[in-house]
Amino acid sequence: MHRFANPTRFLRIAAAILPWSAAATVVLLAAGLYLSLFGSPPDYQQGETVRIMYIHVPAAWMALFVYTNMAVAAAVGLVWKHPLADLFAKAAAPIGAGFTALCLVTGSLWGAPMWGTWWVWDARLTSVLILFFLYLGYMTLVNAFDDPNRGTSAGNILLLVGAVNVPVIKFSVDWWNTLHQPASVSRMGTPAIDSSMLVPLLVMAVAFTSYFVTVVLLRLRAEILARKIQTIRLASAHD
Amino acid sequence: MRRFFDVVGRDLRLALRQGGDATVAVMFFVVTVVLFPFGIGPEPNILARIAPGVIWVAALLACLLSLERLFLTDYEDGSLELLALSSLPLEAVVLAKALAHWLVTGLPLIAAAPLLAVLLNMPAGGFGVLVLTLLVGTPSLSLIGAIGAALTLGARRGGVLISLLILPLYIPVLIFGAGAIDAALTGLTPRPHLLILGGLLAATLPLAPWASAAALRQAME
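Residues numbered from 1 in each chain as written. Chains lettered and ligands numbered in written order. Predicted model: local features only at pLDDT ≥ 70, side-chain atom pairs only at ≥ 80, totals over all residues. Heavy atoms only, no water.

### A closer look at the overall build of chain B
Working step 1: Of the regular secondary structure elements, chain B holds 9 helices and 0 strands.
Working step 2: Its helices and strands taken in sequence order, chain B reads α-α-α-α-α-α-α-α-α from the N to the C terminus.
Working step 3: A globule of 221 residues ought to have a C-alpha radius of gyration of about 17 Å, and chain B, at 18 Å, matches this closely.
Working step 4: For chain B, with 221 residues in total, the buried portion stands at 49%.
Working step 5: Nonlocal contacts in chain B, meaning residues at least 24 apart in sequence, comprise 82% of its contacts between residues at least 6 apart.
Working step 6: Charge-centre separation for chain B: the mean point of 12 positive side chains lies 4 Å from the mean point of 12 negative side chains. (Helix = DSSP H or I, 4+ residues; strand = E, 2+ residues; numbered from the N terminus. Rg over C-alpha atoms; globule rule 2.2 N^0.38 Å. Buried < 20%, exposed > 50% of the residue type's maximum accessible area, 1.4 Å probe, protein only. Contact = heavy atoms within 4.5 Å. Lys, Arg positive; Asp, Glu negative; His and termini not counted. Charge placed at Lys NZ, Arg CZ, Asp CG, Glu CD.)

### As for the interface of chain A and chain B
Accessible area lost upon the coming together of the parts is a frequently used measure of interface size.
Working step 1: Listed by partner, the interface residues are 19 residues for chain A and 20 residues for chain B.
Working step 2: Considering only the surface of chain A that becomes buried against chain B, Ala144, Arg150 and Ile157 of chain A emerge as the three largest contributors, covering 30% of it.
Working step 3: In this structure, the connection of chain A to chain B is made through 1 salt bridge.
Working step 4: The partner of Asp146 of chain A in a salt bridge is Arg156 of chain B, with the nearest N and O atoms 2.4 Å apart.
Working step 5: Where chain A meets chain B, there are 6 residue pairs in polar contact (both at pLDDT 80 or more).
Working step 6: Counting residues per element, the side of chain A that touches chain B draws most heavily on helix H4 (residues 123-142) of chain A, at 7 residues.
Working step 7: Classifying every residue of the side of chain A that touches chain B gives 12 nonpolar, 4 polar and 3 charged. (Buried area = accessible area lost by both parts, 1.4 Å probe. Salt bridge = Lys/Arg side-chain N within 4 Å of Asp/Glu carboxyl O. Polar contact = N/O pair within 3.5 Å; in protein donor to acceptor, adjacent residues only side chain to side chain. Nonpolar A, V, L, I, M, F, W, Y, C, P; charged D, E, K, R; others polar.)

### Remarks on the packing of aromatic side chains
Two aromatic rings are characterised by how far apart their centres lie and by the angle between their planes.
Working step 1: Considering all chains together, one arrives at 8 aromatic pairs over all chains under this definition.
Working step 2: Considering the side-chain rings of Phe65 of chain A and Phe212 of chain A, the 6.1 Å spacing of their centres and the 80° angle between planes classify their relative orientation as edge-to-face. Here Phe65 of chain A, found in helix H2 (residues 53-80), pairs with Phe212 of chain A, found in helix H7 (residues 195-238); they are 147 residues apart in sequence, far enough to count as distant.
Working step 3: Accessibility expressed as a relative area gives 39% for Phe65 of chain A, which makes it partly exposed.
Working step 4: Residue classification places Phe212 of chain A among the buried residues on the basis of a relative accessible area of 4%.
Working step 5: Centre to centre, the rings of Phe4 of chain B and Phe5 of chain B are 5.2 Å apart; their planes meet at 85°, and the pair counts as edge-to-face.
Working step 6: Take Phe5 of chain B: its relative accessible area is 46%, and that puts it in the partly exposed class. (Phe/Tyr/Trp six-rings, centres within 6.5 Å; stacked < 30°, edge-to-face > 60°.)

### Quick word on the pattern of salt bridges
Residue and element names in this part refer to chain B.
Working step 1: Tallied over the full model, the rule gives 9 salt bridges over all chains.
Working step 2: Note that Lys97 is salt-bridged to Asp11, the shortest N-O span being 3.0 Å. Within this pair, whereas Lys97 is found in helix H6 (residues 90-119), its partner Asp11 is found in helix H1 (residues 2-18), the two being separated by 86 residues in sequence.
Working step 3: Linking Glu91 and Arg217 is a salt bridge whose minimum nitrogen-to-oxygen distance equals 3.5 Å. With Glu91 in helix H6 and Arg217 in helix H9 (residues 191-220), this residue pair connects regions lying 126 residues apart in the sequence.
Working step 4: Taken together, the shared-partner salt bridges connect Arg10, Asp11, Asp74 and Lys97 into one network.

### Looking at the side chain of His56 of chain A
All names here are of chain A.
Working step 1: Within the secondary structure, His56 sits in helix H2.
Working step 2: By relative accessible area, His56 is classed as buried at 12%.
Working step 3: With near-sequence residues (within four places) excluded, His56 lies in contact with Cys103, Thr106, Gly107 and His180.

### Quick look at the environment of Thr126 of chain A
Working step 1: Structurally, Thr126 of chain A can be placed in helix H4.
Working step 2: Each C-alpha atom of the pair Thr126 of chain A and Ile169 of chain A lies 8.8 Å from the other, and the pair is 43 residues apart in sequence.

### Digging into unusual backbone geometry
Working step 1: You will see that Lys81 of chain A, though not glycine, has its phi angle at about 50°, which is positive.
Working step 2: In the Ramachandran plot, Asn121 of chain B falls in the positive-phi region, its phi being about 65° despite a non-glycine side chain.
Working step 3: Relative to the helices and strands, Asn121 of chain B is located in the loop between H6 and helix H7 (127-151).

Below you can see the structure in the form of structure tokens.
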């Protein structure tokens with residue numbers, strides 16, 4: 001892990017990965033969108049509205065996945081003072097917030113025809129909304145200090161405190177009897193979903209993940225360069 | 001242990017001699033709750049129905065008021081660094097300051113709450129549970145608030161930032177606090193809600209001082 005703490009080495013690895021992850025994002029997103037919009041059958045109950053799920057479910061997975069990654073990076077940053085871990089959390093936050101917003105909006109669009117309401121104060125929905133607020137709070141906190149290092153380390157502690165929300169979201173549909181349906185894909189044994197629908201769903205999930213990898217690498221690179229420029233500016237101001 | 005109570009006593013003396021903090025929080029609490037009949041209309045049944053939630057939300061907001069200054073004055077005049085260097089662990093200092101904050105803000109709110117319940121026409125059967133939930137719930141609010149106060153130390157617009165960071169974390173306390181009173185008013189037992197509130201307090205009591213102390217160490221680096 002400490003091999004990657006060297007920014008130069010990291011930039012070299014990032015430059016090697018970026019074209020591949022960007023290409024994978026484009027190809028998988030195109031294939032996933034085709035499969036989910038045209039190549040899969042309409043649901044026998046939900047009709048065409050089921051297609052919203054191909055965006056909604058991967059976005060929800062990503063919202064939790066990104067937050068979990070950020071929380072792990074925060075722990076690594078606090079324990080080993082790993083400089084890139086701090087920057088990773090900072091770079092990933094807006095992407096995670098975007099996925100959470102996408103999840104809430106698509107869920108609302110799906111809820112209007114299916115549940116007859118845009119929003120219910122159900123445990124799953126409320127806990128995802130709290131997750132969205134945690135992302136926003138983290139992003140505000142990180143940018144609230146004159147010293148960027150102080151911002152990231154304060155943000156790391158907030159990420160770890162907010163991590164209590166992750167299991168609450170994951171298991172909210174099991175703990176409480178809610179309007180939101182329980183998990184149907186990640187069940188042990190056979191998933192409760194036909195392969196004609198499972199395949200587009202998984203393709204979209206992988207596409208979202210490679211999108212995340214691409215954008216987080218780009219943002220990390222920009223962040224490292226910004227730090228370099230700031231250091232050079234400060235040094236030249238001292239002369 | 002004596003040092004712990006020295007810190008509590010110091011904060012209490014500071015709060016009482018400077019005056020203001022406790023009275024401002026209670027005044028804010030009362031005025032916020034009194035706004036609701038104007039906004040919603042004086043219909044007694046509606047007011048009775050929303051009373052538990054309104055009182056709890058107002059209590060949350062009143063708790064936030066003085067949080068910004070929990071560590072800020074000590075941080076600015078350097079006494080926080082002296083406290084950090086003392087033989088008392090920083091976690092215990094945080095716990096002492098949160099206790100003082102609760103005694104100054106939380107307790108007066110609890111005393112004022114039954115009066116507001118009368119104003120909102122809440123049935124008398126809920127008064128005991130209302131006081132009990134506030135008694136178990138508000139210490140968690142002070143403890144979680146200490147994390148926010150420590151994290152935003154030295155930040156620009158710290159006061160607004162605390163609300164943004166802390167209010168989402170207050171939601172569980174709010175749900176079970178208001179839920180217990182609702183349960184009591186509808187004739188169900190408030191026991192499960194109260195037990196969860198107690199569980200939240202039992203979890204925040206060790207974890208919140210630990211997180212705030214880590215944040216304070218970052219701030220003083």
